[in-house]
Amino acid sequence: MLEKISIVILLSLLIALNLLKGYVMVTSLAIVLVVFLLMKNKKKNEILLYVKELKKFFLPIIFLLLIEFIVTGARGFLTGDVVFLLDTIKYSLLFIIVFIIVINIDEMDILMKGIALVPLTMIGNIFFEYFVLHIERPGVATPNLFAWQLLCVFPFLFLGFRGVNYKAYKNLQLVFAIIWLYALFLTQSRGCILAAIIMGGLFLGYYWKNGKLSVKNIFLFGLISLIVVGLNYQSLVKRIDSSINYKNNYTVERIYIWESSWRMFKDNIFTGIGLDSKIFREKYDNVYMLPEAKEKHIPHSHNNFLYFFVQTGLFGGFAFIFMMCSQIRYFYIQTKSPRVEIKKLGEAGVWIVGCTIISQMVDANFHFISMQKIYWVVLGVVFSCIQLYKKKLFYK
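What counts, and at which threshold
- Residues numbered from 1 in each chain as written.
- Predicted model: local features only at pLDDT ≥ 70, side-chain atom pairs only at ≥ 80, totals over all residues.
- Heavy atoms only, no water.
- Salt bridge = Lys/Arg side-chain N within 4 Å of Asp/Glu carboxyl O.
- Helix = DSSP H or I, 4+ residues; strand = E, 2+ residues; numbered from the N terminus.
- Buried < 20%, exposed > 50% of the residue type's maximum accessible area, 1.4 Å probe, protein only.
- Core = buried A, V, L, I, M, F, W, Y, C linked by side-chain atoms within 4.5 Å.
- Contact = heavy atoms within 4.5 Å.
- Phe/Tyr/Trp six-rings, centres within 6.5 Å; stacked < 30°, edge-to-face > 60°.
- Lys NZ or Arg CZ within 6 Å of the ring centre and 35° of its normal.
- Axes fitted to C-alpha atoms, helices over the stretch in contact; angles between N-to-C directions.
- Left-handed = near helix turned anticlockwise from the far one by under 90°.
- Nonpolar A, V, L, I, M, F, W, Y, C, P; charged D, E, K, R; others polar.

A. Focus on the pattern of salt bridges. This model, assessed by the stated rule, comprises four salt bridges. Taking the shortest distance from any N to any O, the salt bridge between K344 and E347 comes out at 3.9 Å. Separated by three residues within a single helix, K344 and E347 lie in helix α17 (residues 340-359), roughly one turn from each other. Judged by its relative accessible area of 5%, E347 falls in the buried class.

B. Representation of the nonpolar core within the structure. Ranked by size, the top nonpolar core spans 110 residues in total, and within it L111, W180 and L184 carry the most contacts. Look past the residues within four positions of L111 in its chain and what remains in contact with it is I7, L10, L11, V102, V381 and C385. Counting 16 residues, the second-largest nonpolar core is a separate cluster that includes Y256, I273, L290 and F309.

C. Focus on the packing of aromatic side chains. All told, the structure shown has 35 aromatic pairs when counted by the stated rule. With a centroid separation of 5.2 Å and an interplanar angle of 80°, the aromatic rings of F57 and Y330 are classed as edge-to-face. A residue pair is termed long-range when its members are at least 10 positions apart, and F57 in helix α3 (residues 44-74) and Y330 in helix α16 (residues 304-334) qualify at 273 residues. On the basis of an interplanar angle of 70° and a centroid distance of 5.4 Å, the ring pair of F265 and F309 is categorised as edge-to-face. Remark: F309 occurs in helix α16 and F265 occurs in helix α14 (residues 251-267); sequence separation between them is 44 residues. A residue is classified by how much of its surface remains accessible, and F265, at 6% relative accessible area, is buried. Put simply, the rings of W148, F305, Y307, F308, F320, F366, Y375 and W376 touch in pairs and so form one group of aromatic residues. For the cation-ring pair, K373 lies above Y91, with the distance from its terminal atom to the ring centre recorded as 4.5 Å.

D. View of the packing of helix α11 (residues 190-209) against α17. Interaxial distance between α11 and α17 falls to 9 Å at its minimum, and their mutual angle equals 145°. Crossing of α11 over α17 shows right-handed handedness. Only K343, K344, E347, V350, W351, G354, C355, I358 and S359 of α17 make contact with α11, whose side of the interface consists of G191, C192, A195, A196, I198, M199, G200, F203, Y206 and Y207. Split by residue class, the contact of α11 with α17 holds 12 nonpolar, four polar and three charged.

Below you can see the structure in the form of structure tokens.
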């Protein structure tokens, strides 16, 4: 009974974080559950088996947090910086909360049966906002952030449904791919759509190289893409035109922001300007905003890599790059596993981190605490399931 309650809370947490509704209450429930499990010593032995793998994955994260702590101290531990740093540390621990909850194979089986509810709920929200509320760019008021969330939970559409009829499952995958891609295009997030195209192309090449892709599969993929493009023709033409003729619209502002951010980094190369977004906004408005730029009160660099170099300096920027590279390397290694389940989970991890890297070349969602919560919970789910298959924890 406790196993079912645990997974219901975890699925509720994933849905609440992605829809930005009720997540405070559900996060509190998850923390209470973890404390209860630890106090009862329900999972002490299983947790000890995870320590080695957890260290390999979590050490680069700790290194980044350490650099952020050092540069925050160098700046005098300003209140805004300290608050943001504490939030970052606190919510990175959601990764560990997930792995404590999903600690045996029975719990994972329950999780996998319901995990597709997360992206399906998000897709339903997109369709409701677009078709019922007539919102031009749906996505819970933040289309770019929501589009990135859709990218991250995409693998969850295909990790579950164990034990269903294989042919029916393949057909279901095709339907899911169409509605997911359509929902992503409705957000009109150019960075996330570009990430989906690039990562989709890389995975097609990967599957072709490994003999897992037929001409029929490629035809179906092309057909799906054409259907989705046709359904979103007008909005796509508008977004493509704004990208090509970027000097005539808002797109050019991103370039101005990047140039200003680079100058900001060069002037604060070792300590950065601090984690508090108010500092970036003030410096941009009063010192670094280019004369030709029009938009004021910008809170971040609109590029994840620039964001960390500007906020935390040279060492913080490289620490972030090291963290992302170590994560994608870890999951790539799992794709070499002879066990199919671990291979699929490794591919899911590569997709999530790869899409994050590419999509955030034109945005900086790590600036938002809500993004950090989602990122660590999603990665925690994939990591925990990989460890279960590795350690073969089939005992209850």
